[in-house]
Amino acid sequence: MFDFDQFLGFLAFLTILTMGFWLMIFLTAVIVPYWLGGSIMDLLKEKKAKRKAAKEQKA
């Protein structure tokens, strides 16, 4: 039915497929939200610094 080489190839395919699946889950659940949160925090800090600098120039 199956040769041992075919079985090893099938196991390698399943291993790579499973690793890719869990990598995508990890990226969408952890890395992307962390990246977006950091970007938003940085943007808010820049806006706050601009407002503070504009306020200091007026005074």
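Values in this document were obtained by computation on a predicted structure and should not be read as measured data.

### Details of the packing of aromatic side chains
Aromatic ring pairs: the centre-centre distance and the angle between the two ring planes describe each pair.
Link 1 in the chain: Counting across every chain of the model gives two aromatic pairs.
Link 2 in the chain: Centroid distance phenylalanine 4 to phenylalanine 7: 6.4 Å. Interplanar angle 35 degrees. Geometry classified as tilted. Of this pair, phenylalanine 4 and phenylalanine 7 both sit in helix α1 (residues 4–58), three residues apart, roughly one helical turn.
Link 3 in the chain: The exposure class assigned to phenylalanine 4 is exposed, which follows from its relative accessible area of 58%.
Link 4 in the chain: A relative accessible area of 41% places phenylalanine 7 in the partly exposed class.
Link 5 in the chain: With 5.0 Å between their ring centres and 75 degrees between their planes, phenylalanine 21 and tryptophan 22 make a pair best called edge-to-face.

### Notes on a positive patch on the surface
Link 1 in the chain: On the surface, a cluster of positive charge is contributed by Lys47, Lys48, Lys50, Arg51 and Lys52.
Link 2 in the chain: Mapped onto the secondary structure, lysine 50 falls in helix α1.

### Notes on α1
Link 1 in the chain: With 55 residues, α1 should cover 81 Å at 1.5 Å per step; its first-to-last C-alpha distance of 79 Å lies within 8% of that length.
Link 2 in the chain: At leucine 27, α1 shows its largest kink, close to 40 degrees.

About the cut-offs
Residues numbered from 1 in each chain as written. Predicted model: local features only at pLDDT ≥ 70, side-chain atom pairs only at ≥ 80, totals over all residues. Heavy atoms only, no water. Phe/Tyr/Trp six-rings, centres within 6.5 Å; stacked < 30°, edge-to-face > 60°. Helix = DSSP H or I, 4+ residues; strand = E, 2+ residues; numbered from the N terminus. Buried < 20%, exposed > 50% of the residue type's maximum accessible area, 1.4 Å probe, protein only. Patch = residues over 30% accessible without salt bridge, like charges linked within 9 Å, V, L, I, M, F, W, Y side chains within 5 Å. Areas by Shrake-Rupley, 256 points an atom, 1.4 Å probe, with all protein chains shown as cover. Salt bridge = Lys/Arg side-chain N within 4 Å of Asp/Glu carboxyl O. Lys, Arg positive; Asp, Glu negative; His and termini not counted. Charge placed at Lys NZ, Arg CZ, Asp CG, Glu CD. Expected span 1.5 Å × (residues − 1). Bend = angle between axes of the 7 residues up to and from the residue.

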